[in-house]
Amino acid sequence: METTTQIELANILNESLNKSMSYQDYRMLMDELVKTQSTTGLDQSVAMVAYTLLNEQRMKRWDKTIKVSEEAQNKIAAFKGDVTWLVLTESWCGDAAHVIPVINKVAEFNENITLKLVLRDDNDALMQHFLTNGGKSIPKLIMLDNASQKVLNTFGPRPAAATQLVKDYLAEHGTITEEFKEILQGWYNKDKGQHTIGDLITLLERS
């Protein structure tokens, strides 16, 4: 018998899926935000608008340059499930700008993976079920079995290697500084999505 929490989550997931968007629709939204000098989310500050403008440039670059090796393509194609990757995001999120184009690229190599995106601040009930260390960290990928709508696994907000980088810096400095944000952006640029690809393959193999 399903518990009240399980039924509640199923209803929340269904509601979020009904208002989700494709990656193409999300990219069109990003483009429109740039044109209107706007941003998603509850914080409509100048800083958040500036992050959205920067992230549009990042996503456009990654859409064109992400490379998936033949070995990785074969592993992705070997997945036999039928799933939806429901991803919580916001246009201003730097991690999302680096990670979500990679998620999309991986999903393109298997027709059994459907990618859908929702905005975090418009889906707080969903976000509350998938916190990271108590925080609303994004992007957050929720892997759903399409037949049962059960949650099979999650990924995010960062690949494991980047998460460790953040953990080590916090242990040494106690807080995330602007200097570290630059270090993290440099890591993403050097990695070119490869650790995210690896982690997503592991996600598929364990599901």
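That block above? That's the structure.
Residues numbered from 1 in each chain as written. Predicted model: local features only at pLDDT ≥ 70, side-chain atom pairs only at ≥ 80, totals over all residues. Heavy atoms only, no water.

**Some details on the sheet that holds strand E1 (residues 83-89)**
Spatially, four strands are ordered E2-E1-E3-E4 in an open sheet, and the strand pairing comes out mixed. Edge positions in the sheet fall to strand E2 (113-119) and strand E4 (151-155), since each of these pairs with one other strand and no more. Adjacent strand axes in the sheet meet at a mean angle of 20°, parallel and antiparallel pairs treated alike. Here four bridges tie strand E3 (residues 140-145) to E4, and the two strands are oriented antiparallel to one another. Paired with Leu 141 across the bridge in E4 is Phe 155. Most of the contacts of helix H5 (residues 94-107) go to E1, to which it runs at about 170°, and overall it touches E1, E2, E3 and E4. (Pairing = 2+ DSSP bridges. Helix = DSSP H or I, 4+ residues; strand = E, 2+ residues; numbered from the N terminus. Axes fitted to C-alpha atoms, helices over the stretch in contact; angles between N-to-C directions. Contact = heavy atoms within 4.5 Å.)

**Focus: the side chain of Thr 40**
Among the secondary structure elements, Thr 40 is positioned in the loop between helix H2 (23-36) and helix H3 (46-65). Among the residues examined, Thr 40 registers a relative accessible area of 6% and is labelled buried. In this structure the side chain of Thr 40 is engaged in a polar contact, spanning 2.5 Å, whose partner is the side chain of Glu 90. A distance of 2.8 Å separates a polar side-chain atom of Thr 40 from the backbone nitrogen of Ser 91. (Buried < 20%, exposed > 50% of the residue type's maximum accessible area, 1.4 Å probe, protein only. Polar contact = N/O pair within 3.5 Å; in protein donor to acceptor, adjacent residues only side chain to side chain.)

Just geometry here; none of it tells us what the structure is for.
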